[in-house]
Amino acid sequence: MKKSSLVVIFMLASILAVAGCAHLAPAPAKGSEEALRQKVKMEWEAKVRKDWGVVYDLAVDAYKSKVDRNLLIQRANVNVQEFSIKEVKIIEPGRKALAVVDYRINQMGFDFKITSREEWLWENGGWHLNLLPTLRTPFDKKR
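Cut-offs applied
- Residues numbered from 1 in each chain as written.
- Predicted model: local features only at pLDDT ≥ 70, side-chain atom pairs only at ≥ 80, totals over all residues.
- Heavy atoms only, no water.
- Helix = DSSP H or I, 4+ residues; strand = E, 2+ residues; numbered from the N terminus.
- Buried < 20%, exposed > 50% of the residue type's maximum accessible area, 1.4 Å probe, protein only.
- Contact = heavy atoms within 4.5 Å.
- Phe/Tyr/Trp six-rings, centres within 6.5 Å; stacked < 30°, edge-to-face > 60°.
- Lys NZ or Arg CZ within 6 Å of the ring centre and 35° of its normal.
- Salt bridge = Lys/Arg side-chain N within 4 Å of Asp/Glu carboxyl O.
- Expected span 1.5 Å × (residues − 1).
- Pairing = 2+ DSSP bridges.

> I'd like a description of the overall build of the chain, backed by residues and values.
Scanning the chain from terminus to terminus reveals five helices and four strands. For the chain, the residues scored as buried account for 28% of the 143 residues in total. The long-range fraction of contacts in the chain, counting pairs at least 24 apart against all pairs at least 6 apart in sequence, stands at 50%.

> Tell me about the packing of aromatic side chains, and please be specific about residues and values.
Enumeration over the complete set of coordinates arrives at four aromatic pairs. Ring centres of W44 and F83 lie 6.3 Å apart, and the angle between their planes is 35°; this geometry places the pair in the tilted category. Linking W44 in helix α2 (residues 33-49) with F83 in strand β1 (residues 80-92), this pair joins segments that are 39 residues apart in sequence. In this structure, K47 is placed above the aromatic ring of W44, and the distance from its NZ or CZ to the ring centre is 3.9 Å.

> Account for the pattern of salt bridges, with residues named and values stated.
Taken as a whole, this structure holds nine salt bridges when the rule is applied. Linking E43 and K47 is a salt bridge whose minimum nitrogen-to-oxygen distance equals 2.9 Å. Of the two residues, E43 and K47 both sit in helix α2, four residues apart, roughly one turn of that helix. With respect to burial, E43 and K47 carry one shared label: buried.

> If you had to explain α2 to someone new, which residues and values would you point to?
The terminal C-alpha atoms of α2 lie 24 Å apart, and with 17 residues this matches the ideal 24 Å at 1.5 Å per residue to within 8%. Of the surrounding secondary structure, the elements contacted by the buried residues of α2 are α3 (52-58), β1, β2 (96-107), β3 (110-123) and β4 (126-129). With its phi angle positive at about 60°, K50 sits one or two positions after the end of α2.

> Provide a residue-level description of the environment of V78, including the pertinent values.
When you line up the elements, V78 lands in the loop between α5 (69-75) and β1. Overall, V78 belongs to the partly exposed group, its relative accessible area being 31%. Along the chain, V78 and K47 lie 31 residues apart, while their C-alpha atoms are 8.1 Å from each other. For V78, the contacting residues outside a window of four places in its chain are W52, I105 and Q107.

> Which residues make up unusual backbone geometry, and what are the values?
A positive phi is found at M108, a non-glycine position, where the angle reads about 50°. Along the polypeptide, M108 turns up in the loop between β2 and β3. Here M108 falls in the exposed class, since its relative accessible area comes to 79%. Positive phi, close to 55°, is recorded for N124, a residue that is not glycine.

> Break down the pairing of β3 for me, with residues and values.
As defined by bridge partners, β2 adjoins β3 across twelve bridges and the pair is classed as antiparallel. What sits directly across from D102, in β3, is T115. A loop of two residues connects β2 with β3, the two strands running antiparallel in sequence, and M108 in this loop sits at a positive phi of about 50°. Here β3 runs beside β4; their pairing, made up of four bridges, is antiparallel. Across the sheet, the residue bridging to W120 is L129, located in β4.

> Before we move on, can you summarise the pairing of β4 with the specific residues and values?
Note on strand geometry: in a regular strand, side chains alternate between the two faces of the sheet. With burial as the criterion, each face of β4 is covered, one bearing G126 and H128 and the other bearing W127 and L129. Counting the residues in the hairpin turn of β3 and β4 gives two residues, including N124, whose phi is positive at 55°.

Functional significance is not addressed by these values, which are geometric in nature.
Listed below in structure tokens is the structure:
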């Protein structure tokens, strides 16, 4: 009797252990649209929290070489209230992707609804936000 009760206890413990891990899904493949969607979500959640350091960390290296982290954080004065990811699409696998995000900001007491089209580039084994276009001014020469 003792041996059969140990087997039953072991079986129940095994079933509970497997059931406890059932909600854990495997991480998406690094270059997949789902992995990109998670990065886009991370970016916009950081913008809502005003955690601009996270946004800087997601940027491509070329942007980071031109803009100091503290400068980005000091100049970030956008009050993102909410966002909705409309589209995430890989244009060139392992190279380039596009994300379209609708968001609402509040500036000086007025709400504005804006759509952002973001370019994401594959760099250093992951997706990174191309913030280089934000460095252009209306006075730059057309290329």
